[in-house]
Amino acid sequence: MASLYTHQDENVRKTYLLFAAFLVLVGAIGWFFSYLYNNSAIFYGAIFFSLAMNIASYWFSDRLVVALSRAVPADPSEYRELHQIVENLAITAGLPKPKVYIIEDPAPNAFATGRDKEHAVVAATTGLLSILTKTELEGVIGHELSHIGNRDILVSTVAVLLAGCISILADMFLRSLWWGGGRDRDRGNGILTVVGILLAILAPIFGTLMQLAISRRREFLADASGALLTRYPEGLASALEKIGQYARPMLTPSSATAHLFIANPFGPGKRAWTTLFMSHPPIEERIAALRGQS
């Protein structure tokens, strides 16, 4: 029978696969450019960089997410109801109470982050608190606690830093190609240069697609697990309706952390020609699933 922890082990495996994929991808890029520039130090540097980023992403990426989101600790007196909802649902879920943060932003949104349930964070915008009823807010918090229970936050938080590192590394190599960098003329022929450019361009795209693929599926799972936790699917469905009706983006949205939020921080916008580059599944589909219409 499905429970809050059904996908916990699966997400731990995903995280290890993510670490391995990052190591292989960065190593491949490093090897290619070490061959192109006839400098083996580039390859060893890429491997060291990959290992260091894997370690850093596990231990420190949650702090980066909080900083990028401009979240601050929620005062227990000012946000008493929020703290109570988080604590009560955490007890129901059998989880330690996560740290509670607030984002000063009129756009209704929320996210969870952290490497495990003992180091978890739940953050909500002031806009979310202003438009939701208590049962709707419980639905949103239940959704975020489901991410924590399923350890979605581990793989998703790690993806923030790793995908960003892929983009930065690829951009560095792309710039080095344009500026020459003293490559060996015999090895640095036109074909290798073209392949190098393609590799540098495609690497961050692969990193982004990795983030989005993780995000879209996990949102449906967290919706279902959150409804199981609160025993009231309509609370989350109603909350998602209100969130979807808010047309404006957050004040300082970040593409690096967009997949962590319960709804797209850039706003609903126009429907894309494909769902490939959407950071979230359409809210209408999520609402229909919660109401048993799909």
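Coordinates for the structure precede this section.
Computed from a predicted model, the values in this text were never measured in an experiment.

A.B. asks: I tried to follow the environment of leucine 154 on my own but got confused; where do I start?
C.D. replies: Looking at the element boundaries, leucine 154 is found in helix α6 (residues 152–179). For leucine 154, a relative accessible area of 4% translates into the label buried. For the pair formed by leucine 154 and threonine 15, sequence separation is 139 residues and the distance between their alpha carbons is 7.1 Å.

A.B. asks: It is not clear to me how the packing of aromatic side chains should be interpreted in this structure. Could you clarify?
C.D. replies: Two descriptors summarise a pair of aromatic rings, namely the distance from one centre to the other and the angle between the planes of the rings. Counted according to the given criterion, the structure contains four aromatic pairs. Ring geometry for phenylalanine 43 and tyrosine 44: centres 5.6 Å apart, planes at 65°, overall edge-to-face. Its relative accessible area of 56% is what places tyrosine 44 among the exposed residues. Between the aromatic rings of phenylalanine 111 and phenylalanine 261, the centroid separation amounts to 5.0 Å while the plane-to-plane angle is 65°, which identifies the pairing as edge-to-face. With phenylalanine 111 in strand β3 (residues 110–113) and phenylalanine 261 in the loop between α8 (233–245) and α9 (283–290), the pair connects residues that are 150 residues apart, well separated along the chain.

A.B. asks: Can you help me understand a nonpolar patch on the surface in this one?
C.D. replies: A surface patch of nonpolar side chains, about 340 Å² in accessible area, is lined by Ile55, Trp59 and Phe60. Looking at the element boundaries, tryptophan 59 is found in helix α2 (residues 40–69).

A.B. asks: What am I meant to see in the packing of helix α5 (residues 134–149) against α8 here?
C.D. replies: A pair of packed helices is characterised by two quantities: the angle between their axes and the separation of those axes. Closest axis-to-axis distance for the α5/α8 pair is 7 Å, and the angle between their directions is 95°. Taken together, the axis directions place α5 and α8 in an arrangement best described as roughly perpendicular. Of the residues in α8, those touching α5 at Thr135, Glu136, Gly139, Val140 and His143 are Gly235, Leu236, Ser238, Ala239 and Lys242.

A.B. asks: I keep staring at the environment of threonine 252 and nothing clicks. Help me out?
C.D. replies: Examined against the element boundaries, threonine 252 turns out to sit in the loop between α8 and α9. Overall, threonine 252 belongs to the partly exposed group, its relative accessible area being 35%. It is 8.9 Å that separates the C-alpha atoms of threonine 252 and leucine 68, two residues lying 184 residues apart in sequence. Once residues within four sequence positions are removed from consideration, threonine 252 is found in contact with Arg70 and Asp105.

A.B. asks: Looking at this model, I keep getting lost on the pairing of strand β4 (residues 121–125). Mind explaining?
C.D. replies: A regular strand places its side chains on the two faces of the sheet in alternate fashion. For β4, the buried fraction is high: five of the five residues fall into the buried class. Taken together, the five bridges between strand β2 (residues 99–103) and β4 define a ladder with parallel strand orientation. The residue bridging valine 100 from the neighbouring strand is valine 122, located in β4.

A.B. asks: Sorry, what's going on with the sheet that holds strand β1 (residues 72–73) here?
C.D. replies: Where strands meet in a sheet, backbone hydrogen bonds hold them as pairs that are either parallel or antiparallel. On the basis of which strands lie adjacent, the open sheet formed by four strands has the order β1-β2-β4-β3 and mixed pairing. Looking along the sheet, the strands with just one partner apiece sit at the ends: β1 and β3. On the sheet, α2 packs against β2, β3 and β4 and is oriented at approximately 160° with respect to β3.

A.B. asks: Explanation requested: the nonpolar core in the structure shown.
C.D. replies: For soluble globular proteins, nonpolar side chains are generally found buried alongside one another. Judged by nonpolar contacts, the single largest core of 36 residues is most densely connected at Leu82, Leu128, Val140, Ile141, Leu145, Ile148 and Ile262. Contributions of two or more residues to this core are made by α3 (80–93), β2, β3, β4, α5, α7 (190–230), α8 and α9. The element that contributes the greatest number of residues to this core is α3, accounting for six residues. Once residues within four sequence positions are removed from consideration, isoleucine 141 is found in contact with Leu82, Ile85, Val86, Leu89 and Val122. Membership of the second largest hydrophobic core comes to 13 residues, among which are Val66, Ala71, Phe111 and Leu260.

The rules we used
Residues numbered from 1 in each chain as written. Predicted model: local features only at pLDDT ≥ 70, side-chain atom pairs only at ≥ 80, totals over all residues. Heavy atoms only, no water. Helix = DSSP H or I, 4+ residues; strand = E, 2+ residues; numbered from the N terminus. Buried < 20%, exposed > 50% of the residue type's maximum accessible area, 1.4 Å probe, protein only. Phe/Tyr/Trp six-rings, centres within 6.5 Å; stacked < 30°, edge-to-face > 60°. Patch = residues over 30% accessible without salt bridge, like charges linked within 9 Å, V, L, I, M, F, W, Y side chains within 5 Å. Areas by Shrake-Rupley, 256 points an atom, 1.4 Å probe, with all protein chains shown as cover. Salt bridge = Lys/Arg side-chain N within 4 Å of Asp/Glu carboxyl O. Axes fitted to C-alpha atoms, helices over the stretch in contact; angles between N-to-C directions. Parallel < 35°, antiparallel > 145°, perpendicular 65-115°, else oblique. Contact = heavy atoms within 4.5 Å. Pairing = 2+ DSSP bridges. Core = buried A, V, L, I, M, F, W, Y, C linked by side-chain atoms within 4.5 Å.

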